Amino acid sequence: MITTTTMERNGRRVYLNEVATRDGFQAEGAFVPTQEKIALINALSRVGFAKIEVTAFVSPRAIPALSDAEIVLREIERDSRVRYTALVPNVRGAEGAIEARADELNLVMSASESHNLSNLRMTREQSFDALREVARLAREAGVALNVSLSCAFGCPMEGDVSEQTVLHWSQRFVEELQVRGVTLCDTTGMAYPPQVEALTRAFAARWPSTELALHFHNTRGMGLANVLAGIDGGATQFDASLGGIGGCPYAPGASGNVCNEDIVHALEWIGHDTGIDLDAVLAATKRLPALLGHDTPSQLAKAGRRLDLHARPSDFDAIAERARARQA
Ligand code: COA
Ligand code: ZN
């Protein structure tokens, strides 16, 4: 049955941001060698992503897996169609990311006080003050600004985070720091579809010219449903990770982002245009198990696309002949 909702969904242009080399690698025990990171990002640059979150300029003590941020960002090959962004929590990180030629600084702060203290060791007000200075540096350097608001759909330590709180911090970033974009992050998979649609609509109604992206983790299996609810609410930009790897080490119970190839495959069948070369994404995702030392949550890496067909059983002809003989 074709409902108004499915008809409205059809034919949208949806932009996907790839976050595996930041959100994905930060959660891994193994250190992915620097040259392997660079080679993977170079492959992802040719796939059709709008944005690639290359790395994070954070304390190497907090996130040892990304201690090579400067080399990686400096040495990747750039494609002019891709915006290369890096996560930045403070002035020190901003200086490093600007020096290594980030196209965009992705400021990070949590909508929840408990998660901000656990993850960044600052109150939200202290984070915001540090980020005000980061915004000044970015403006001087002509580098774009985005902010990722963690725990925008719930905090694993505090529970629900109110829409009012999320809009309050969004307002401070949009109106005081004049960020170009805001990413509302569901850090531990607490978001659910009606909440996503309502928050997306509320944000878009207040700041129609601010870029809004949604960032979901599939921790409770609601990732794709939340992406679809976001599209219904008017969102066109989504973060996702190759292989569905990812998670914040400072958020209890965190697990992987929505899986990029699974989302692309689903959105294309629903009728949206992602502009992504799915074959190339699948080729890239096959590299991950060797780099990480384990399998990934990707469904498509295991099952293939819905029309990747399999051979019939070897005794198929004999089975068919017997069945047809019985029928005759
Ligand atoms: N890049 C690299 N090193 C940094 C840094 C940055 N942006 N900011 C601080 N450091 C270093 C300091 O030099 C110091 O090093 P030292 O111990 O060798 O002297 C150490 O990190 C601690 O610095 P300090 O300023 O005392 O920070 P802190 O201990 O209060 O930690 C953060 C604050 C924000 C730097 C840290 O909590 C952090 O990097 N968090 C990021 C967490 C993250 O990425 N989570 C996942 C993404 S949501
Ligand atoms: Zn995340």
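Preceding this section is the structure that the text describes.
Residues numbered from 1 in each chain as written. Chains lettered and ligands numbered in written order. Predicted model: local features only at pLDDT ≥ 70, side-chain atom pairs only at ≥ 80, totals over all residues. Heavy atoms only, no water.

Attention shifts here to the pattern of salt bridges. For the coordinates displayed, the defined rule picks out 20 salt bridges. In this structure, Asp-68 and Lys-37 form a salt bridge, with 2.8 Å as the shortest nitrogen-oxygen distance. Within this pair, whereas Asp-68 is found in the loop between strand S2 (51-56) and helix H4 (69-75), its partner Lys-37 is found in helix H3 (residues 34-44), the two being separated by 31 residues in sequence. Like Lys-37, Asp-68 is buried. (Salt bridge = Lys/Arg side-chain N within 4 Å of Asp/Glu carboxyl O. Helix = DSSP H or I, 4+ residues; strand = E, 2+ residues; numbered from the N terminus. Buried < 20%, exposed > 50% of the residue type's maximum accessible area, 1.4 Å probe, protein only.)

Its boundaries defined by the atoms lining it, the largest pocket holds a volume of some 760 Å³. Lining the largest pocket are 37 residues, and of these Phe-57, Val-58, Ser-59, Ile-63 and Pro-89 sit closest to its centre. In terms of residues, the lining of the largest pocket owes the most to one element, helix H6 (residues 113-120), which gives four residues. Taken as a whole, the second largest pocket spans an internal volume of roughly 250 Å³. Taken together, 16 residues make up the lining of the second largest pocket; nearest its centre are Asn-218, Val-258, Cys-259, Asp-262 and Gln-299. If you list the elements that add at least two residues to the lining of the second largest pocket, you get helix H10 (223-233) and helix H11 (260-270). Here the lining of the second largest pocket is built from residues that sort into six nonpolar, nine polar and one charged. (1 Å grid on protein atoms, 1.4 Å probe; cavity = no way out; pocket = protein on both sides within 12 Å on 5 of 7 lines; lining within 4 Å. Points joined across faces, edges and corners; volume = space filled by probe spheres on them. Nonpolar A, V, L, I, M, F, W, Y, C, P; charged D, E, K, R; others polar.)

Turning to the packing of aromatic side chains, a few remarks are in order. One pass over the structure, following the stated rule, counts four aromatic pairs. Ring geometry for Phe-128 against Trp-169: centres 6.0 Å apart, planes inclined by 55 degrees, an arrangement best described as tilted. Residue Phe-128 is located in helix H7 (residues 124-141), and its partner Trp-169 is located in helix H8 (residues 163-176); the two are separated by 41 residues in the primary sequence. Like Phe-128, the residue Trp-169 is buried in the burial classification. On the numbers, 5.0 Å between centres and 70 degrees between planes, the contact of Phe-128 with Phe-173 is edge-to-face. Taken together, the residues Phe-128 in helix H7 and Phe-173 in helix H8 connect sequence positions 45 residues apart. Aromatic rings pair up to connect Phe-128, Trp-169 and Phe-173 into one cluster. Seen from the ring of Phe-128, Arg-172 lies directly overhead, with NZ or CZ sitting 4.3 Å from the centre. Over the ring of Phe-316 we find Arg-312; its NZ or CZ atom is 5.3 Å from the centre of that ring. (Phe/Tyr/Trp six-rings, centres within 6.5 Å; stacked < 30°, edge-to-face > 60°. Lys NZ or Arg CZ within 6 Å of the ring centre and 35° of its normal.)

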